[in-house]
Amino acid sequence: MQVGLCLAGGAAELDRVDLGQLCDLGFACLFVTCHEDDVHWRVEQIATFMRRARARGLVVYAVPSGYGKVLDPDPAAPSLYVDTHPQTLQVDNRGRRCPKACPNNPYFLEWFSSSMRTLAWLLEASGFLWDEPSFHHSRGTWACRCQYCQRLYQAWRGAEMPRDFGDDVLAFRESSIVMFLLAAAAAIQAVDYRLESVVMPTPTLPGMPIFTGTGDWDAIAACSACDILSIFIPWQHHNVPLEQALRDVYQEATRHTQRHGKRTLLWTAASPSPRDQVLEAIRVAASLGAERLVLSDYASLIDSAAFPRFADDLQAAIAAADQA
Ligand SMILES: [Zn+2]
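This text gives an overview of the structure that appears in the document. All values reported here derive from a predicted model rather than from experimental measurement.

Quick notes on the rules
Residues numbered from 1 in each chain as written. Predicted model: local features only at pLDDT ≥ 70, side-chain atom pairs only at ≥ 80, totals over all residues. Helix = DSSP H or I, 4+ residues; strand = E, 2+ residues; numbered from the N terminus. Rg over C-alpha atoms; globule rule 2.2 N^0.38 Å. Buried ≥ 20, exposed ≤ 12 C-beta atoms within 10 Å, placed from the backbone. Contact = placed C-beta atoms within 7 Å. Axes fitted to C-alpha atoms, helices over the stretch in contact; angles between N-to-C directions. Left-handed = near helix turned anticlockwise from the far one by under 90°. Expected span 1.5 Å × (residues − 1). Arc of directions from axis to C-beta. Pairing = 2+ DSSP bridges. Core = buried A, V, L, I, M, F, W, Y, C linked by C-beta atoms within 7 Å.

Some remarks on the overall build of the protein chain
Assigned secondary structure in the protein chain consists of 13 helices and 12 strands. A globule of 324 residues ought to have a C-alpha radius of gyration of about 20 Å, and the protein chain, at 19 Å, matches this closely. For the C-alpha atoms alone, the extent of the protein chain along its principal axes is close to 60 × 40 × 35 Å. Counting over 324 residues, the protein chain shows a buried share of 45%. When contacts within the protein chain are restricted to residue pairs at least 6 apart in sequence, those whose partners lie at least 24 apart make up 76%.

Examining the packing of helix 5 (residues 106–122) against helix 7 (residues 167–191)
Contact geometry for helix 5 and helix 7: axes closest at 8 Å, N-to-C directions at 35 degrees. Handedness of the crossing formed by helix 5 with helix 7: right-handed. When helix 5 is examined against helix 7, the residues Leu109, Ser113, Met116, Arg117, Ala120 and Trp121 are found in contact with a partner set consisting of Ala183, Ala184, Ala187, Ile188, Ala190 and Val191.

Some points on helix 5
The end-to-end C-alpha separation of helix 5 is 24 Å, in line with the 24 Å expected for 17 residues at 1.5 Å each. Taken as a whole, helix 5 has its buried residues at Phe108, Leu109, Phe112, Met116, Leu119 and Ala120. One side of helix 5 carries all its buried residues, which in axial view fall inside an arc of 100 degrees. Seen from the open side of helix 5, the exposed residues pointing more than 90 degrees away from its buried face are Pro106, Glu110, Ser114 and Trp121. Buried residues along helix 5 sit in contact with strand 2 (29–35), helix 3 (36–55), strand 3 (59–65), strand 5 (97–101) and helix 7.

A few points about the sheet that holds strand 9 (residues 196–200)
Spatially, the eight strands close up into a barrel ordered 1-2-3-6-9-10-11-12, and their pairing is parallel. The average angle at which neighbouring strand axes cross in this sheet is 25 degrees, direction not considered. Here seven bridges tie strand 2 to strand 3, and the two strands are oriented parallel to one another. Residue pairing in the sheet places Thr33 in a bridge with Val63 of strand 3. Where helix 11 (residues 278–288) meets the sheet, it contacts strand 1 (2–7), strand 11 (263–269) and strand 12 (292–296), and its direction lies at approximately 165 degrees from that of strand 12.

As for the environment of Ala306
Position of Ala306 among the secondary structure elements: in the loop between helix 12 (298–301) and helix 13 (307–323). Judged by the 11 C-beta atoms lying within 10 Å of it, Ala306 falls in the exposed class. Separated by 33 residues in the primary sequence, Ala306 and Ser273 place their C-alpha atoms 7.9 Å from one another.

A few points about the nonpolar core
Ranked by internal contacts, the top residues of the largest apolar core, which has 102 residues, are Leu7, Val32, Tyr61, Leu181, Leu266, Ile282 and Ala285. Sorting elements by how many residues they give to this core places helix 7 first, with 11 residues. In this structure Tyr61 touches Cys29, Phe31, Val32, Ala125, Ser126, Gly127, Phe128, Leu129 and Val198, once residues within four positions along its chain are discounted.

Laid out in structure tokens, this is it:
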């Protein structure tokens, strides 16, 4: 099994990363977050980092962040697009705009596709990861009821979009997210058809509902926009033992990916703290037969003051998984 690392800190973090150290530790792949603002000002620096990583034999993926925030798991991530294009943002059930572009808005889709094409040209990545594409959903409010969503819903169901959130709205957003992913994958694969499209649904454990639009793993795995289904395992947040959570998620994900000839990727939050059980996670994922486990992220793991004492154990765990 290969072990990967997520670098979520942007261009400023990439400056500090010692690629030799990551290779010595045994990491096989990197997921590099490309913040919209960073790409605007420092894209050459990100491109150089990726080129150097590839030269060392690492497989490198780009993880766009910001970009209208359809993709954003982090509500604090800035997006110049969101600030400057209020008319294309999602509209909630109270008629207010949310700080998140609507994936059904044609202007946004065109801008997003064009931005991803440019990024694919500029970066020598092996693929792109689409991180938690979602519609706004929180207690009591949900989106999107913009004119485009209402029109699409009418054409799709032959009825007006309901005022209340229910199964029909959920099915509509799931199909909308698949359409968005198709556009995203088409954009990068127009630049290079070999670029892999990796899809990260909203983190969950089997049996827990997801309302943001990525709950139907089978529909995602079935669509041509998904080469790899990437699942973040939030076991720490749900008080589920690590081994059980990893096994349940892996079995549920591979049930769908194997049916459609796709691959599965697992993610876990990582730090040297015993609380995160990183060494155990690597051992368990390898014993399950997983192809790859990604540790998230560089800041919480390698930048941690406790890391120097943890490094040898991590290196041994990655080496043992590599043999598995
Ligand atoms: Zn909309």
